[in-house]
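Analysis of the macromolecular model
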Amino acid sequence: MDNAKYSFIIYLIILIFKFGNCQNYQYFDYTDHSKLNSYPITSFMDLCNFNIYFIAFTDLNSNGPPENVNLMSKGPSFSLSQNVISRNQTSALYSVLLTFGFGDLEATFFIDNSWNNIIYNCSCKKINVTNLNIEYQTPMFYTEYTSFASIFRLGGLQYPLNLQYNFGDYTITPMDNHYYLITLNANYYLYKTSDILISILLPDNESFDFYINLNKTTSTIYSNFIVDFKLYPETKNYTEIGFKHDQLVTFRSLFSKPVPQVFLLSQSSFFFLAKPIYGTPGNVTYIVSTIQSYVPQNISLYYQTSQNNFNSHFINELVTNIDSGSNINNSFQRTYIFNKQIFTFEVSDLFNYDSKYYFYTNSYADTGISISITNGFSFPFGFVNGNNNIYKMNFTTLLPFAFGGNLTLSIYEPISGTYLSFPTIPSFNVNNSLTGDIISFESIYLNEFKFLLRFHLVSNNGINFILIPTFRPTLIGNENLVSGTIFNGIWEYIYFGEEITLDTIKIVTQSGSIKEIRCGQPFSIINPKQIITISQINLNGFNYSNDLNDISYLYNNVNVTNQMVSNIMYISFMDNEKYKNQTIGLYLLDSKSLRDENFDGTLVGNFDKNIFGSKYYFSEFDQMNNRFQIRFNIPANILPGKLDFILSFSQSLRLYSPTLPLNFQLNITSNLIDIQGPIFTNIIKNPNGKYGWIVTIEDSINGLDYGIISLFGLMDSSTFNFTIRPSNAINGNKWKGDYELFIPYNSSFKCISQTYMIRFVELFDTQGNSATFVKYLRTRDGSTLVKTLTNPFINFMNDSNIIKINYNCPNEAVNSLSPPVLISFTSSKSSLDVGLINIVEFNFQINDSLGIKDYQNPIVYLTTAKFDIIECVSNIISKQSNQFKCSIEIPIGFGYPNGILLSVYGFINNGGFFSGYCSQQLSEMNFASFISTNQSYTLNQPYIQSSNKFSNLGGNLWIYGRGFASDSIVEIKFKDSGYTSFSQFQTNLIYSSAISIQNVRSTNQPFVIIVKSSSKVSNEFIINPILFNFNYTAPTSSSPLPTNPPKKCLGNPECGGVNNGYCDNDIGCICYSPWIGDDCTSRVIVIPQPSINTTDPTIDIPINGTDSTENNFYRSLISLVSLRELDFNNNQVKSFNFEKWIYMEINNTTNKYLTTISNKNGNGETTETNITVILQWFEKNDTITFAGQTLRMNPSSIKYTINITSYSFNQNLNHLQLVMSASLQSSKTNDICSSKSFGNTSDGDNSNFMKLKVNDHSVYGRFIKRAIVDNKIISVENSILDNSMDKSSNSYTSETFIGISIPFYNYNVLVDPDFSVLVDSNPSSSDDENSICTSSSSSKLSDAQLVGIIIGSVAFAAVLVFIVSYAIIQGRKERRYLNDMNNKLSSMNKD
């Protein structure tokens, strides 16, 4: 054999041997090939990412495939990262990320010693800028939710693309099918007058540019439309009344057109949006918050002008003194005690607790992945002994049975920004490398954007929970286990999928190991085709401009004055079949709806799309009419104009109503606006020797519904909670009422002197608007980024101590350092099957020589290893023996499988000391401290947790919970049938966590549901239907609320000149403060507060004349004369004079008067009517609201609030008339004129005025043309009664009588007038209306500067003011004059 043949044989043998050792790998592709052609990650980048997934299989290698695969490529250079997602003995599921630049890449993957491979062709596409175009673009629009925004579609794209742009000027958010939402930042559009350039950045310094027309669809505002600009409090150096309760700015807008008005407050590069709160169309009050600042800050109010830009209105320097209270820091002593699975943490030497929330965080860490679980608590959780001056805390936490990771606990106090952390807890002897794995996953759409997520999980150490780490982190624990065990089982969870997008999930085992799984990629070698994603309806490329065919409404041009209106939106598409199975969510974007959902939006540019939830209304498809319909409720008393809304198809795809055609819009009208909760308008501290407060709560449009106020003892943390309702007011009604908040005192027991503080207030009006105050704000995650526009203390922010009173104990306890001692603590259960419905009862007893403080309720805390904590609030069952009791229903799955720790805190004695006991202490005292849960866990016990939004019209009902089975039936018991018996309903769809039933009947009342399954019965669950009442009628009234007609602008110069006012042709003269009157020539003057009259509601005010050459003095009297009953012809039926008044001082500026009249009704029975007058003095400018009207209070003003209770009319056609008299008299009797006039005001308050003038002094009364009668705002008529009354007028005396007509009513009448002191520019002359002059004065005018008193009586019902002008007079002439005047007044009162 020659050498060549020999060499060939040797080569063949080697080749055969080599191939004989090769491993035959098979490859299975699980890559989404539609994503292998794409654009770069963002438009500006030149690199693309490609995710490739495949399985390699071999049965020739006992170790299975290796950790890494090899790659050969053709094309551009690349970077590679790879990992094994899941494996078994024969296979491995690989995830490979390829990153490369523009071009086509052929990637061949193979494993060593394998002749097989798998090939992928990927293409990174470069964007051709010449192909890009704007196919669709909406005009610039505005909503409170988006601010200024526009939507466009970028044409010329083949694949999805995230756009990169110049950050800071605007934000671009991708929607769907190449649609994008642009939202402009405030610092950009404030200063732009031309179109806005949008520049999309591309590689190689290229860009695609286009313009958005800056046609702001908001109102043009002139400076004279902005009035009564006010800072709360009026100081540049502000001390916080509560943390983050920053200074507030209010102002009124007189712009009357129903289009959006945008006001922005600029401070320190931040922009805050002013929100409307109350008023009437053309007279709306706005509010905006400043921001805390340690250094002086300028603030500016910006508004849109006729030049389509924004101008600044106001600048001031503000400094905030921040009350951060006590703190926690690492200098405190801290330690922990370890006992098997129980760790007890202790902190000693803490000081000066002041009601704050502490946030406790458990942090798990594992191989670079961490998870934190946070809970926030205030007293008494963790407070073990002491008082608030110095105290000790402890609490016990429970570790999982197989704990093997690193756990660190920390306590954070967000107000001061301080925290302390404990040493890391050492792990048990457990293999922590064993993670949890997902075997399978399903996402099942149920309804209303709700999805059922179903996980099949396995773990050798057992599953602890699944974490969805989103904006609102979601924990799916073993309460969601529906079959199997924690080692191999199925978990189900009902998930609101529109709210957030799933990016990753984390599986945490009992050992503390954490496995992070990316959503959208395969996760298991068993089910490699499955990925974790939310199933969504494929819209096949939504076309924003063409798909929508029509939107109409059951009612349009809806008047929501004092009524919520039910309505129906009808939606049709060009191709209804395409959308037939799609859920459409409707969300209203009016200020009230946004505020109800806790949408702040104050910080402009901070666009948060994750706000919606409970306020969604959902569509139904109407088969008969081939269209969608959405039932919804329009809130009452919201801003008139177009009602903005969103139609949502998914989180990314939303239709914004301002972008839709005009005929798709919903138009709203309202005569009143009220989006503000009730507020305090008067506060009295420690009145009449009692400890506490009397507060006046006012809401002049919607009225108070209810409120909660909590008081806190700053020494012993004792808490007193008050529920406020109009029914428990000591005076007044829901629009304005007085309420007592008194510290309870029992003279039989000792007590301590301490300061009490109002730490929490929440007041709701009848339309659900709220006003909230929290001394130290609590947020769920411990953050402090919270703003509080609706502060009920807005009128008292100048006094940070208004919320505090000093309590001086009359029976002081002897100083003792002994806290209460627990002498027994029992639990009715020591072990539980938490798969069943369980009630656990706790009984315990305390011993303390000083006695336990009344009305304090210790709390039993139940804690799990997952750091879930529930509270069982106890009640005392024996005061004599200090025995307490509480019971609680244990949530399904709570504490499984590790058990439940018990602790009890909140014992307070009369000596000011508190105590509490953690689980460790209870165990050491041989008391109940732990409930076992690992012995059994029933999974088929039906339990109802929630339901879908079910309306009173009936229909399909979804029930959410657990333990449902194929044989489950639903039974319903209706309240409107007397709850007599259950009716059975056939189920439609059944999952372990959800059941659907159809054709539930309509009902306006709550109903009870139960689920029966496998001889087990669920809990009873109450469903309160959403009420829709489609009986809308536009409000009609025989007495519509009046508006004053336009008046000719008077004066020479007109309206007093440019410094006094300006002319509005629709109203008349609009005066600048301090000017007032028809021609703006009367000026407010400031005088000292007059002395108090304790006999009747009258006031003497000393004012000297303005003529220095003469001693001229004036005296004025405004008095309540009588209450008359008149028939329909205005003939007097009865008359009642006011005689004896009961006086009570409320504070140094407010006084109260009460009188009673007796009257016989038609049956001859005597009834009584109470007339209450509250007289309040205002030293400075202020604004008030009454009956939906905003009224300006001038300095040296008096406001009367008059309440008249029920009156027995002779017949229903009769009405009442409140008669007032007013007079003004001068000590000068010669060469003088007097005059009087009556008419309509012209400054937008829709009132009557009465003016009495003697020489250069005036008394000016303002009478609003509306009243609150039987809890309704109605119009009233004011008239002059001089022809029927015995009046006395001459050249130096002017007198008149005014009647305020009150229609027939049943319950009460409320009027709320105000009064001011002003000055006239010209003395009275014969040219004046109704003038009386002495002969020598008819042609003579005084050159003296105007001095006058204008007492503006704004009230429509019983406004009584007595303003008397006098001075300390020397000389016989003055004394003689005063004696004559007193005789005359005495005679008048006798009459």
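My aim in this report is to walk through the structure given alongside it, one point at a time. Note that this is a predicted model, so its numbers are computed, not measured.

With that settled, the discussion passes to the overall build of the chain. Secondary structure summary: the chain contains 6 helices and 106 strands in total. Across the 1391 residues of the chain, 58% fall into the buried class. Looking at the chain alone, contacts between residues at least 24 apart form 70% of all its contacts between residues at least 6 apart.

Formed by 80 residues in total, the largest nonpolar core has its most connected members in Tyr358, Tyr360, Ile411, Phe680, Trp693 and Phe793. Counting 53 residues, the second-largest nonpolar core is a separate cluster that includes Phe542, Phe573, Leu643 and Tyr656.

What follows deals with the sheet that holds strand 3 (residues 48-57). Across the sheet, 4 strands lie side by side as 1-3-6-5; this open sheet has antiparallel pairing. Only two strands of the sheet have a single partner each, and these edge strands are strand 1 (26-29) and strand 5 (78-87). Here the average twist between neighbouring strands, direction ignored, is 30 degrees. In this sheet, strand 6 (residues 91-100) lies alongside strand 3 in antiparallel orientation, the contact comprising 10 bridges. Bridging across to strand 6, Asn49 finds its partner in Thr99.

Under the criterion given, the structure shown has 75 aromatic pairs. An angle of 50 degrees between the planes, with centres 6.4 Å apart, marks the rings of Tyr360 and Phe377 as tilted. Within this pair, whereas Tyr360 is found in strand 28 (residues 358-366), its partner Phe377 is found in strand 29 (residues 369-377), the two being separated by 17 residues in sequence. A single burial state applies to Tyr360 and to Phe377, both of which are buried. Judged by centre distance (6.0 Å) and plane angle (20 degrees), the rings of Phe825 and Phe842 are stacked. Of this pair, Phe825 sits in strand 62 (residues 821-827) while Phe842 is found in strand 63 (residues 838-847), placing the two residues 17 residues apart along the sequence. By the burial criterion, Phe825 is buried, and Phe842 matches it. Each residue in the set Phe345, Tyr360, Phe377, Phe381, Phe395, Tyr861 and Tyr905 is aromatic and connected to the rest through ring pairs, giving one cluster. Directly above the ring of Phe749 sits Lys879, whose terminal nitrogen or CZ lies 4.9 Å from the centroid.

Moving on, we get to the state of the cysteines. Applying the stated rule across the entire model yields 7 disulfides. Here Cys1049 engages in a disulfide with Cys1063; their sulfurs sit 2.0 Å apart. Its S-S torsion of about 85 degrees marks the bond between Cys1049 and Cys1063 as right-handed, since a negative value means left-handed. Of this pair, Cys1049 sits in the loop between strand 79 (1021-1023) and strand 80 (1061-1064) while Cys1063 is found in strand 80, placing the two residues 14 residues apart along the sequence. Look at Cys1049 and you get buried, because its relative accessible area is 10%. A sulfur-sulfur separation of 2.0 Å characterises the disulfide bridge that pairs Cys1233 with Cys1333. Here the disulfide of Cys1233 and Cys1333 is right-handed, its torsion about the S-S bond being about 115 degrees. Residue Cys1233 is found in strand 95 (residues 1233-1240), and its partner Cys1333 is found in strand 105 (residues 1332-1333); the two are separated by 100 residues along the sequence.

In spatial order, the strands read 37-36-40-41; together these 4 strands make up an open sheet with antiparallel pairing. Each having just a single partner strand, strand 37 (474-477) and strand 41 (514-518) make up the two edges of the open sheet. Neighbour-to-neighbour, the strand axes of the sheet open up by a mean angle of 20 degrees, direction not taken into account.

This paragraph deals with the side chain of Ser591. In this fold, Ser591 is placed in helix 4 (residues 591-596). Only 2.4 Å separates the side chain of Ser591 from the side chain of Glu144, close enough to count as a polar contact. Not counting residues up to four positions away in its chain, the partners in contact with Ser591 are Glu144, Pro276 and Ile675.

As a further point, take the pattern of salt bridges. Going through the model one piece at a time under the given rule, you end up with 25 salt bridges. Taking the shortest distance from any N to any O, the salt bridge between Glu413 and Lys356 comes out at 3.0 Å. Placement of Glu413 in strand 32 (residues 406-413) and of Lys356 in the loop between strand 27 (342-351) and strand 28 is noted, with a sequence separation of 57 residues between them. Three or more residues joined by partner-sharing salt bridges are found here, namely Glu442, Arg454 and Glu492.

Cut-offs applied
Residues numbered from 1 in each chain as written. Predicted model: local features only at pLDDT ≥ 70, side-chain atom pairs only at ≥ 80, totals over all residues. Heavy atoms only, no water. Helix = DSSP H or I, 4+ residues; strand = E, 2+ residues; numbered from the N terminus. Buried < 20%, exposed > 50% of the residue type's maximum accessible area, 1.4 Å probe, protein only. Contact = heavy atoms within 4.5 Å. Core = buried A, V, L, I, M, F, W, Y, C linked by side-chain atoms within 4.5 Å. Pairing = 2+ DSSP bridges. Axes fitted to C-alpha atoms, helices over the stretch in contact; angles between N-to-C directions. Phe/Tyr/Trp six-rings, centres within 6.5 Å; stacked < 30°, edge-to-face > 60°. Lys NZ or Arg CZ within 6 Å of the ring centre and 35° of its normal. Disulfide = S-S within 2.5 Å. Polar contact = N/O pair within 3.5 Å; in protein donor to acceptor, adjacent residues only side chain to side chain. Salt bridge = Lys/Arg side-chain N within 4 Å of Asp/Glu carboxyl O.

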